[in-house]
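Structural features, examined
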Amino acid sequence: MRSRLAVLALGLYLSFALLACSKKPDQSTDTSTAQPSTSSTPTETQPAQPTQAQPMPAQPAEPKKVRAEPIIVPAGTALTVRLAQAVGSKISQSGQSFSGTLANSIVIGGKTAIPAGTTVTGTVTDAKPLGRFAGGASLTLQLTSINLNGTDRAIQTSAATQTAKGKGKRTAVLAGGGAALGALIGGLAGGGKGAAIGAVAGGGAGTGGAAFTGNKDIVLPPESALSFALTQPLEIKR
């Protein structure tokens, strides 16, 4: 009787033991499967950011051009001109044009304002042959323009007047006063002595001078040098 009870108790014990073991969770299960894998989750594609335009590099500022101050050629400045053609009391007429070039540069403040060789033009304001003016001849010239940088500029100058009175005599004066300005500079053909009032310089005997021999009219050949004076200032832009 006791042995049966013992066998029955042992059987119950074993049954409860097996039942308890069957309910115990499996510790060998991989816990990593219980958590979602972040590595397998596809990454969301971020929208591309628009490319911002790169600012253009600043251009270096152009240096400011310094405007040169104009040169003022004052009134009274002498312009020595060599004639390009012959003029005379008989061969020229009042109102006739003539031309020439500057014999010397005009320098203002140490700077060349008008270079030698600059073209000038003028007008014969009076031409009287011998015998029509109280027995003498008369010739008056005046500059009217000068070519600066390819442009003709109007100028106002004194008039160079030359007269011949009597046989073999002549005078050269400046109309309006100031005999030193506008006086004849050329020498006499044949080596004769000039009686020019004001400055008289060697312009070369023969072709470079003025011929007045005997009772002939006044003739100024090409290359004769005459001096005129500005009566108004001349502004020259650089």
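Residues numbered from 1 in each chain as written. Predicted model: local features only at pLDDT ≥ 70, side-chain atom pairs only at ≥ 80, totals over all residues. Heavy atoms only, no water.

1. Points about the overall build of the protein
This is how it is decided: Every helix listed is a DSSP run of H or I at least four residues long, and every strand listed is a run of E at least two residues long, numbered separately from the N terminus. The classification of residues rests on relative accessible area computed with a 1.4 Å probe and restricted to protein chains. Under 20% of the type maximum is buried, over 50% is exposed, and intermediate values are partly exposed. Pairs of residues are marked as contacts when any of their non-hydrogen atoms sit within 4.5 Å. Areas reported as accessible are Shrake-Rupley estimates using a 1.4 Å probe. Residue values count occlusion only from the protein chains shown.
In terms of helices and strands, the protein carries one helix and 14 strands. Looking at the protein as a whole, 30% of its 238 residues are labelled buried. Long-range contacts, defined here as pairs at least 24 residues apart, represent 55% of the contacts in the protein between residues at least 6 apart. Working note: accessible area of the protein is about 15700 Å², and carbon and sulfur atoms make up 57% of it.

2. Quick word on the pattern of salt bridges
Selection rule: We define a salt bridge as a contact between a side-chain nitrogen of Lys or Arg and a carboxyl oxygen of Asp or Glu at a distance within 4 Å.
Within the structure shown, the criterion is met by one salt bridge. A salt bridge links Lys128 to Asp126; the shortest N-O distance between them is 2.5 Å.

3. Comments concerning the pairing of strand β13 (residues 225–229)
Convention followed: Two strands qualify as a pair provided that DSSP identifies no fewer than 2 bridges between them.
With five of its five residues buried, β13 lies for the most part within the structure. Alternating positions in β13 separate into two faces, Ala225, Ser227 and Ala229 on one and Leu226 and Phe228 on the other, with burial throughout. Relative to β13, strand β2 (residues 78–83) runs antiparallel, the two being bridged by five bridges. Looking at the pairing, Ala78 lines up with Ala229 of β13.

4. Here's the deal with the side chain of Asp217
Put simply, the rule reads: For the purpose of counting charges, residues Lys and Arg are taken to be positive, whereas Asp and Glu are taken to be negative. His and the chain ends are not included. Counting of polar contacts relies on pairs of N or O atoms within 3.5 Å, with two restrictions inside protein: one atom must be capable of donating a hydrogen and the other of accepting it, and residues adjacent in sequence are counted only when both atoms are side-chain atoms.
Looking at where Asp217 falls in the secondary structure, it is placed in the loop between β11 (171–175) and β12 (219–220). No salt bridge forms around the buried Asp217; measuring N to O, its nearest opposite-charge neighbour Lys90 is 4.6 Å away. A polar side-chain atom of Asp217 sits 3.4 Å from a polar atom in the side chain of Ser89. Here Leu130 takes part through its backbone nitrogen, which lies 2.3 Å from a polar atom of the side chain of Asp217.

5. Some points on the confidence of the model for the protein
Selection criterion: Note: pLDDT gives the predictor's confidence per residue, expressed from 0 to 100.
Across the protein, the average pLDDT comes to 73, with 58% of residues at or above 70. Predicted confidence for residues 28–32 stays below pLDDT 50, and this span has zero contacts to residues more than four positions away or in other chains. Contacts for the low-pLDDT stretch residues 173–214, under 50 throughout, to residues beyond four places or in other chains number 105 contacts.

6. What about the nonpolar core?
Keep this limit in mind: Residues enter a nonpolar core if they are buried and are Ala, Val, Leu, Ile, Met, Phe, Trp, Tyr or Cys, with the set joined through side-chain atoms within 4.5 Å.
Within the largest apolar cluster, 30 residues are counted, with the highest numbers of intra-cluster contacts made by Ile114, Leu141 and Leu234. For this core, the element with the most residues is strand β8 (residues 136–148), which contributes six residues. Leave out the neighbours within four places in its chain, and Leu234 touches Ile71, Ile72, Val73, Ile114, Ile146, Leu148, Arg153 and Ile155.

7. As for the pairing of strand β10 (residues 159–164)
Of all six residues making up β10, six are buried, and the element is well covered by its neighbours. Of the two faces of β10, both are covered, the one formed by Ala159, Thr161 and Thr163 as well as the one formed by Ala160, Gln162 and Ala164. Pairing of β8 with β10, which is carried by six bridges, proceeds in the antiparallel orientation. By the bridge assignment for β10, Leu141 is matched with Ala160.

8. Thoughts on unusual backbone geometry
Look at Asn149: it is not a glycine, yet its phi comes out positive at around 55°. When you line up the elements, Asn149 lands in the loop between β8 and β9 (151–154). Given a relative accessible area of 72%, Asn149 falls into the exposed group. With phi around 75°, Glu223 is a residue other than glycine that occupies positive phi space. Position of Glu223 relative to the elements: it lies in the loop between β12 and β13.

9. Focus: the environment of Pro115
Its location among the elements puts Pro115 in the loop between β6 (111–114) and β7 (119–133). Look at Pro115 and you get partly exposed, because its relative accessible area is 42%. Separated by 13 residues in sequence, Pro115 and Leu102 have C-alpha atoms that sit 7.7 Å apart. Sequence-distant contacts of Pro115, defined by excluding residues within four places in its chain, comprise Leu102 and Ser105.

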